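# Residue-level structure breakdown
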Amino acid sequence: MDEEQLALVEEGLNLLIKKYKRNTNDGDLQRMKAAQDAKVAIRKVMLSLAIKGDIKDISPVLESGKGAGWEVTDFENKIIRYHA
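As a starting point, this report considers the structure included with it. None of these values were measured; they are calculated from a predicted model.

## Quick word on the pairing of strand β2 (residues 67-74)
Across the eight residues that make up β2, a large majority, eight, are buried. Linkage of strand β1 (residues 55-63) to β2, two consecutive antiparallel strands, is achieved through a turn of three residues, within which Gly65 is found at a positive phi near 90 degrees. Pairing geometry for β2 and strand β3 (residues 79-83), over five bridges, is antiparallel. Each residue of the ladder has a partner; that of Val72, found in β3, is Ile80. Counting the residues between successive antiparallel strands, the hairpin from β2 to β3 contains four residues, one of them, Asn77, with a positive phi of roughly 65 degrees.

Rendered as structure tokens:
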């Protein structure tokens, strides 16, 4: 995964935040908060990518107490979790 693909993920999160701000369905405010947390965390992933280099795999995680974030696996198979 490269910076271009991560930027697309960030743009998708922006669209979700706009959608959930309308609060048209039950739970939209919680979904908006999760999307905002994921956006902050994806920026941390992007910074890490710029410093350390390419990443092997990325997947979303939702942990109680920490909120939404991303689990990143690098090419040395180290797993790092980024949260807001």
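## Focus: the pattern of salt bridges
Enumeration over the complete set of coordinates arrives at five salt bridges. Its salt-bridge partner being Asp37, residue Lys33 comes within 2.9 Å of it at the nearest N-O pair. Of this pair, Lys33 and Asp37 are both found in helix α2 (residues 28-52), four residues apart, which corresponds to roughly one turn of the helix. In this structure Lys33 comes out as partly exposed when scored by relative accessible area, which is 47%. A relative accessible area of 10% means that Asp37 is categorised as buried. The shortest N-O distance in the salt bridge between Arg81 and Glu63 comes to 2.7 Å. Of this pair, Arg81 sits in strand β3 while Glu63 is found in strand β1, placing the two residues 18 residues apart along the sequence. Glu63 sits in the partly exposed class, given a relative accessible area of 23%. The network of salt bridges with shared partners includes Glu63, Glu71 and Arg81.

## Observations concerning the sheet that holds β1
With respect to topology, three strands assemble into an open sheet ordered β1-β2-β3, the strand pairing being antiparallel. The sheet terminates laterally at β1 and β3, the two strands that pair on one side only. Neighbour-to-neighbour, the strand axes of the sheet open up by a mean angle of 25 degrees, direction not taken into account. Strands β1, β2 and β3 of the sheet are contacted by α2, whose axis makes an angle of about 25 degrees with β2.

## Quick word on α2
Taking 1.5 Å of rise per residue, 25 residues should cover 36 Å, and α2 covers 35 Å from first to last C-alpha, within 8% of that figure. Within α2, burial applies to Asp28, Met32, Ala35, Asp37, Ala38, Ala41, Ile42, Val45, Ser48 and Leu49. For α2, the secondary structure elements touched by its buried residues are α1 (3-21), β1, β2 and β3. Taken from the residues just after α2, Gly53 is the one with a positive phi, measuring 110 degrees.

The rules behind each value
Residues numbered from 1 in each chain as written. Predicted model: local features only at pLDDT ≥ 70, side-chain atom pairs only at ≥ 80, totals over all residues. Heavy atoms only, no water. Buried < 20%, exposed > 50% of the residue type's maximum accessible area, 1.4 Å probe, protein only. Helix = DSSP H or I, 4+ residues; strand = E, 2+ residues; numbered from the N terminus. Pairing = 2+ DSSP bridges. Salt bridge = Lys/Arg side-chain N within 4 Å of Asp/Glu carboxyl O. Axes fitted to C-alpha atoms, helices over the stretch in contact; angles between N-to-C directions. Contact = heavy atoms within 4.5 Å. Expected span 1.5 Å × (residues − 1).

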